[in-house]
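The primary structure of each chain is shown beneath.
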Amino acid sequence: MTETAVSSSRKRWSVAPYFIVDDVVATANFYRDTLGFNYARMWGEPPCFTIVTRNGAAVMLSKFEQPGLMRPNSIADPDGGAWDAYFWIDDADALYEEFGRKGVMIIQPICDQIYGCREFTIRDCNGYTLGFGQDLS
């Protein structure tokens, strides 16, 4: 079997980070209104879980019974070097401009990395650090 035949017959994988948050509704609305994600529904009363999506990427948001359990990587690395999630995107410059217009907290400005990605880093409303990168190859 050729390399092309092998790769085309493979199933596609996807992943969704699971973020613990204190307020699912406020966080989901931030992701929708500020970051351009969508959500179809929330579970629980009051809401304790939802999944936000954008262009095939998903993030799970969950509230635990006990508040204050969020543990973004920014607690251990306040300079923003350790992402909580990284998104591969098609047009880093366009998304960077979109987020800039919406006042998103930019932690690392857009730049070309030595490993062949054009990327930038933001921080969400709970302190989670999100990287966005475009493969330049």
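Above this text is the structure in question.
Residues numbered from 1 in each chain as written. Predicted model: local features only at pLDDT ≥ 70, side-chain atom pairs only at ≥ 80, totals over all residues. Heavy atoms only, no water.

Let us look at the layout of surface pockets. What the largest pocket holds in volume is close to 550 Å³. With four residues, the single largest contributor to the lining of the largest pocket is strand β5 (residues 85-88). A per-class count over the lining of the largest pocket returns 14 nonpolar, three polar and four charged. (1 Å grid on protein atoms, 1.4 Å probe; cavity = no way out; pocket = protein on both sides within 12 Å on 5 of 7 lines; lining within 4 Å. Points joined across faces, edges and corners; volume = space filled by probe spheres on them. Helix = DSSP H or I, 4+ residues; strand = E, 2+ residues; numbered from the N terminus. Nonpolar A, V, L, I, M, F, W, Y, C, P; charged D, E, K, R; others polar.)

Formed by 25 residues in total, the largest nonpolar core has its most connected members in Phe19, Tyr31, Leu35, Leu130 and Phe132. Of all the secondary structure elements, the ones that give two or more residues to this core are α2 (24-33), β4 (57-62), β5, α4 (92-101), β7 (117-123) and β8 (129-135). If one sorts the elements of this core by residue count, α2 sits on top with four residues. (Core = buried A, V, L, I, M, F, W, Y, C linked by side-chain atoms within 4.5 Å. Buried < 20%, exposed > 50% of the residue type's maximum accessible area, 1.4 Å probe, protein only.)

This part is about the sheet that holds strand β1 (residues 18-20). Strand order in the open sheet formed by four strands is β1-β4-β3-β2, with mixed pairing between adjacent strands. Edge strands, defined here as strands with exactly one partner in the open sheet, are β1 and β2 (42-43). Taken together, the two bridges between β2 and strand β3 (residues 49-54) define a ladder with antiparallel strand orientation. Counterpart to Trp43 in the pairing with β3 is Phe49. (Pairing = 2+ DSSP bridges.)

Glancing now at the environment of Cys117. Considering the arrangement of structural elements, one finds Cys117 in strand β7. For the pair Cys117 and Pro47, spaced 70 residues apart in sequence, the C-alpha separation works out to 37 Å. With near-sequence residues (within four places) excluded, Cys117 lies in contact with Tyr86, Trp88, Cys111, Asp112, Gln134, Asp135 and Leu136. (Contact = heavy atoms within 4.5 Å.)

Here the structure, examined in full by the defined rule, presents 13 aromatic pairs. Seen from their ring centres, Phe30 and Tyr31 are 5.9 Å apart, and the 75° between their planes marks the pair as edge-to-face. The same class applies to Phe30 and to Tyr31, which are both buried. Judged by centre distance (5.4 Å) and plane angle (75°), the rings of Tyr31 and Phe37 are edge-to-face. Tyr31 gets classed as buried once you look at its relative accessible area, which sits at 0%. (Phe/Tyr/Trp six-rings, centres within 6.5 Å; stacked < 30°, edge-to-face > 60°.)

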